[in-house]
Each structure stands twice: as C-alpha cells, then as structure tokens.
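# An overview of the molecular structure
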Amino acid sequence: MGAAGDDGAFDRGAQAVLKEIFPGRRSHFHLLSEGQAPEWLFITCSDSRVVPDLVLGTEPGDLFITRNAGNVVPITGQDVDGCTATVEYAVEVLKVKDAILCGHSDCGAMKAALDHTALEGLPKAERWLQHVEAAFAHRQPLNAADGESAELASLIRGNVVAQLMNLRAQPSVAGAVAAGRLRVHGWYYDILTGRIEEYDEGLGRFLPWGE
Ligand SMILES: [Zn+2]
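Residues numbered from 1 in each chain as written. Predicted model: local features only at pLDDT ≥ 70, side-chain atom pairs only at ≥ 80, totals over all residues. Heavy atoms only, no water.

## Brief notes about the overall build of the chain
Secondary structure summary: the chain contains eight helices and six strands in total. Going from the N terminus to the C terminus, the chain shows its helices and strands as α-α-β-α-β-α-β-α-α-α-α-β-β-β. Summarising its shape, the C-alpha atoms of the chain cover approximately 50 × 45 × 40 Å along the three principal directions. The buried share among the 211 residues of the chain stands at 39%. Sequence-distant contacts, at least 24 apart, represent 60% of the contacts inside the chain between residues at least 6 apart. A total accessible area of about 12,100 Å² is found for the chain, and carbon and sulfur atoms account for 54% of it. Distance between charge centres in the chain, computed from 18 positive and 29 negative side chains, equals 4 Å. (Helix = DSSP H or I, 4+ residues; strand = E, 2+ residues; numbered from the N terminus. Buried < 20%, exposed > 50% of the residue type's maximum accessible area, 1.4 Å probe, protein only. Contact = heavy atoms within 4.5 Å. Areas by Shrake-Rupley, 256 points an atom, 1.4 Å probe, with all protein chains shown as cover. Lys, Arg positive; Asp, Glu negative; His and termini not counted. Charge placed at Lys NZ, Arg CZ, Asp CG, Glu CD.)

Spelled out as structure tokens, the structure:
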C-alpha cells in the first residue's frame, strides 16, 4: 500500500515534500518556474507502477509525458484526443529531440485485449482498447525469460510496435523525423527487473537498451 493508504496520507506526503525535499531543490524549481525545455517526449501507460522519472533517473523539466491505458497513439481520422494533441505540441513547439513510446510488463490493458470479459460493463475502456487490436499483427517471438507471462509479453511488445507505427504516422512526427530533428523509439519496460528493451526497426526485434 502506498501513501494513499489512509485519509490524510496525501496531506502528510505533500507536507514532507515541502519541508524536506523542496528546499534542497529551490534553485532548480526557480529556473523551471520560468519555462520548460524538455528534450524527451515520453508516451506510456497509466499503470501506477510505471514512474518515468524513477525508471530513467530524470528530474522535473526533463520529460514531457502523456499517458493512457495501453500507451496508445490513436490514428482516427479527424478525431482529436489528448495523446496526439500532446505529441503535436511536443514536436512543433517544444521541439523535443527524442520521442519514446514505452509499453510495460503485466499491462492490464493488454490483458484485456487477450480476454475481453475483463471489459464487461466498461463501455469506454472497451472502445478505447480497440486501438490496441493492431498489436496482434505485430506479436513478438515468445521469450522464455518472461516465464508464464510470455504470451502476454509478446503481445505487449507487439503493441509497442503497432503504436510506434501510429506515432511515426502523426504528421508532426513524420515531418520532424524527415527533417532529421527527431528520433523515435519503442521500449518495453520490465517492472520486475527494471530493465528496458528497445525495438530495433531494422532487425524487427527488441534488444536490451543501455547495456
Ligand atoms: Zn499498462
């Protein structure tokens, strides 16, 4: 159970940050108060166990983040949504240098894609998760290291590939990549080990990242 385990825990947590953490970072926040210049756009799932700054060791001001169930980048014609609007702003205004699409192990959204009964009584989630159906066409080879979750993990990696293609198809992203000012990456984050794999588009498979 985290800090939200009982009434008042949020208050105590926020006060502890103000008293113990904020003072040591005052000059950093003074600088940040005047504007942001993040170099990375990070697109990931809403899952509470995925904490981008903890995964990457980054600080306030480093990552421009958009999250949703299943780390989806919708491609739905004229519709607008929070993710693609955020991508457009990050690329055209903030001019981020890297865009990372990050899926993760044990993803509930992808479990629901495998077993639709989990979505009964959830009409909005059911409709939203139609965006991950393309994952089935990009499933990755089973990896023994994933143990009993190998089938799920292969689908999660497939979803990273599918959403990475959707990301590349965004007009702002396509333009910036063509101009050589943006790189895009597809990652799989393993909650148990903390390790990241990056999708190698040339090889068509995931490789350990940062080793
Ligand atoms: Zn998830």
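## What about the side chain of Glu198?
Looking at the element boundaries, Glu198 is found in strand β5 (residues 196-200). Of the side chains with opposite charge, Arg183 lies nearest to the buried Glu198, which makes no salt bridge, at 8.2 Å. With residues up to four places along the chain from it excluded, the contact list for Glu198 reads His185, Gly186, Trp187, Arg205, Phe206, Leu207 and Trp209. (Salt bridge = Lys/Arg side-chain N within 4 Å of Asp/Glu carboxyl O.)

## Structural notes on the coordination of the zinc ion
For a metal with four tetrahedral donors the ideal donor-metal-donor angle is 109.5 degrees, while six octahedral donors give ideal angles of 90 or 180 degrees. Coordination of the zinc ion by the protein comes from Cys45 (SG), His104 (NE2) and Cys107 (SG), over a distance range of 2.0 to 2.3 Å. Between consecutive donors of the zinc ion, the numbers of intervening residues give the motif C-x58-H-x2-C. We note that His104, like Cys107, is buried. (Donors = N, O, S within 2.8 Å, 3.2 Å for Na, K, Ca; no water.)

## Points about the environment of Val55
As for its position among the elements, Val55 is in helix α3 (residues 52-56). Taking the C-alpha atoms as reference, Val55 lies 7.1 Å from Gly194; in sequence the two are 139 residues apart. For Val55, the residues in contact, after removing those within four places along its chain, are Tyr189 and Ile196.

## Here's the deal with unusual backbone geometry
The phi dihedral of Lys95 is positive, around 50°, even though this residue is not glycine. Structurally, Lys95 is set in the loop between α4 (82-92) and β3 (98-104).

## Structural notes on the nonpolar core
Counting 38 residues, the largest nonpolar core has Leu41, Ile43, Val87, Met110, Leu167 and Leu182 as its most contacted members. The set of elements that each furnish at least two residues to this core consists of β1 (40-45), α4, β3, α5 (108-114), α7 (150-169), α8 (171-178) and β4 (183-189). Tallying contributions element by element places α7 first for this core, with eight residues. With residues up to four places along the chain from it excluded, the contact list for Leu182 reads Val91, Val96, Lys97, Asp98, Ala99, Val173, Ala176 and Val177. Core analysis: the second largest hydrophobic core is formed by nine residues, Leu56, Leu63, Ile100 and Ile196 among them. (Core = buried A, V, L, I, M, F, W, Y, C linked by side-chain atoms within 4.5 Å.)

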